[in-house]
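Structural characterization, general
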Amino acid sequence: MASCSEESAAATEEEPTETPASQKREARLRKFRELHFKRNEARKLNHQEVVEEDKRLKLPANWEAKKARLEWELTEDEKKKECAARGEDYDRVKLLEITADDAERWERKKKKKNPDTGFAGYAEAQFRQYQRLTKQIRPDLEGYEKQREECGEDFHPTSNSLIHGTHVPTKEGVDRMVEDVEKQIEKRAKYSRRRAYNDDADIDYINERNAKFNKKAERFYGKYTAEIKQNLERGTAV
């Protein structure tokens, strides 16, 4: 009986010593599994970020601005279609949504960005016209894709490609070009009016080109040569 009691007492003494050790081991294993899971999750997220960063680096420098611009244009087109379906003028509807402060700020920005310096030369006038015409261009993406499918490899021609003269413009494109040319002619006619002829003016030229030269010379040097001209006129009159 004494030996049995001693064995049971020894067993009871060993149980409390083994239980805390096993609990600590389980806690450590659980924490190790959590750390391992977090490490794998962080590795996966880092890989995703690296892939996204590589995509961003391969995009053009102004991709975000282009994307925002395209989204704005799509929104504007949808609003125009909605106004056309309701029979409303889109410009009037848009102006109703603009506050006076925004309109004044945009006007100041517009003047600062593209100030009208007037006519300075034919090269500057031609460049301003080029900028104005290029801003009016709206690319036809559907037509672009259709033409790309039709041309195939010749869409990007090389020295061996024979596609010159095969392109036929659409009727809508020709109509747009004719309308734009007519607008340019109409606008040019307002500024290219013929000056009125004065019958009482002195005839000091031999042809039209000489008359323009004399007017230009009079404009620049008339105040310096006025006295000489008067003396010559008085001398011929006497």
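Residues numbered from 1 in each chain as written. Predicted model: local features only at pLDDT ≥ 70, side-chain atom pairs only at ≥ 80, totals over all residues. Heavy atoms only, no water.

Counting its secondary structure elements, the protein chain contains eight helices and zero strands. Beginning at the N terminus, the succession of helices and strands in the protein chain can be written as α-α-α-α-α-α-α-α. Taking all 238 residues of the protein chain together, the buried fraction comes to 4%. For the protein chain, the share of sequence-separated contacts (at least 6 apart) that also reach a separation of at least 24 residues comes to 16%. Taken as a whole, the protein chain presents about 23,600 Å² of accessible surface, with 55% of it coming from carbon and sulfur. (Helix = DSSP H or I, 4+ residues; strand = E, 2+ residues; numbered from the N terminus. Buried < 20%, exposed > 50% of the residue type's maximum accessible area, 1.4 Å probe, protein only. Contact = heavy atoms within 4.5 Å. Areas by Shrake-Rupley, 256 points an atom, 1.4 Å probe, with all protein chains shown as cover.)

So, about the pattern of salt bridges. Following the criterion strictly, the structure yields six salt bridges and no others. A salt bridge links Arg105 to Asp102, with the shortest nitrogen-to-oxygen separation between them at 3.0 Å. Here Asp102 and Arg105 lie together in helix α4 (residues 100-113), a separation of three residues that amounts to about one turn. Note that Lys171 and Asp175 form a salt bridge whose closest N and O atoms lie 3.2 Å from each other. Separated by four residues within a single helix, Lys171 and Asp175 lie in helix α7 (residues 171-191), roughly one turn from each other. A relative accessible area of 61% places Lys171 in the exposed class. For Asp175, a relative accessible area of 38% gives the class partly exposed. (Salt bridge = Lys/Arg side-chain N within 4 Å of Asp/Glu carboxyl O.)

What follows is about a negative patch on the surface. A grouping of Asp202, Asp204, Glu218 and Glu233 is seen on the molecular surface, where their side chains present a negatively charged patch. Among the structural elements, Asp202 can be located in the loop between α7 and α8 (208-237). (Patch = residues over 30% accessible without salt bridge, like charges linked within 9 Å, V, L, I, M, F, W, Y side chains within 5 Å. Lys, Arg positive; Asp, Glu negative; His and termini not counted. Charge placed at Lys NZ, Arg CZ, Asp CG, Glu CD.)

Here we take up a nonpolar patch on the surface. Residues Val174, Met177, Val178, Val181 and Ile185 make up a contiguous nonpolar surface patch of about 400 Å² in total accessible area. Its place among the elements puts Val181 in helix α7. Val181 sits in the partly exposed class, given a relative accessible area of 39%.

Time to look at the confidence of the model for the protein chain. This prediction gives the protein chain a mean pLDDT of 79; 84% of its residues lie at or above 70. Helix α2 (residues 63-86) holds the highest mean pLDDT among the elements of the protein chain, 86, whereas helix α1 (residues 2-58) holds the lowest, 75. Low pLDDT (under 50) marks residues 9-17, which in the prediction has zero contacts with non-local residues, meaning those over four places away or in another chain. (pLDDT = per-residue confidence, 0-100.)

What follows deals with the side chain of Glu76. In this structure, Glu76 sits in helix α2. The class for Glu76 is buried, based on a relative accessible area of 10%. Setting aside residues up to four positions removed in sequence, Glu76 forms contacts with Tyr90 and Lys94.

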